[in-house]
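Here's the letter readout for the chains.
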Amino acid sequence: MVITAAHIQPIIALLAGVLILLMPRFLNLLVAIYLIIVGLSGLGVFKMLHF
């Protein structure tokens, strides 16, 4: 299996779901980090940094 950019979001969602089940208080931190990353990628910050 080749992991492409299209596979990253479902993998992160799966890992986040497992972590939330194991540590429910971790939800706030996971949601905040996810929203920051999605917002930055939506603004194109990662393209400017050549990631």
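An unreviewed UniProt entry annotates the protein chain as DUF3096 domain-containing protein of Nitrobacter winogradskyi.

Regarding its fold elements, the protein chain presents three helices and zero strands. The C-alpha radius of gyration computed for the protein chain amounts to 13 Å, which surpasses the reference 10 Å derived for 51 residues by more than 25%, pointing to a less compact arrangement than a globule. Oriented by its inertia axes, the alpha-carbon framework of the protein chain measures out at about 35 × 30 × 10 Å. Scored against the burial criterion, the 51 residues of the protein chain give a buried share of 4%. Carbon and sulfur atoms make up 78% of the accessible area of the protein chain, which totals about 4600 Å².

Time to look at helix H2 (residues 27–43). In a regular helix each residue adds 1.5 Å, so 17 residues correspond to 24 Å; H2 covers 24 Å between its end C-alpha atoms and thus fits that length. Positive phi shows up at glycine 44, right after H2, with a value of about 85°.

The feature "transmembrane region" (unreviewed entry), as annotated in UniProt, sits at residues 6–22 and 29–49 in this numbering. Secondary structure within residues 6–22 divides into 100% helix and 0% strand; the distance between the first and last C-alpha atoms comes to 26 Å. The span residues 29–49 shows a helical share of 90% and a strand share of 0%, and its end C-alpha atoms are spaced 25 Å apart.

In this section: the environment of histidine 7. Here histidine 7 lies in helix H1 (residues 5–22). As a C-alpha pair, histidine 7 and glycine 42 span 35 residues in sequence and 17 Å in three-dimensional space.

Thresholds, definitions, all that
- Here the residue index of a chain counts from 1 through its sequence in written order.
- Where local features are concerned, this predicted model is filtered to residues with pLDDT of at least 70; where side-chain atom pairs are given and counted, the filter is 80 or more; whole-chain, interface and lining totals use all residues.
- In computing side-chain properties, one takes all heavy atoms of the structure into account and sets aside hydrogens as well as water.
- A run of DSSP states H or I qualifies as a helix once it reaches four residues; a run of E qualifies as a strand once it reaches two. Both are numbered from the N-terminal end.
- Radius of gyration: over C-alpha atoms. The globule rule applied is 2.2 Å multiplied by the number of residues raised to the 0.38 power.
- Whether a residue is buried, partly exposed or exposed follows from its accessible area with a 1.4 Å probe, protein chains only, as a fraction of its type maximum: under 20%, in between, or over 50%, in that order.
- The Shrake-Rupley method, run with a 1.4 Å probe sphere, supplies the accessible areas, and residue values consider only the shown protein chains as cover.
- In this scheme, a helix's expected span is set at 1.5 Å multiplied by one less than its residue total.
- UniProt positions are given in the numbering used here, feature names are shortened, and annotations may be inferred rather than shown by experiment.

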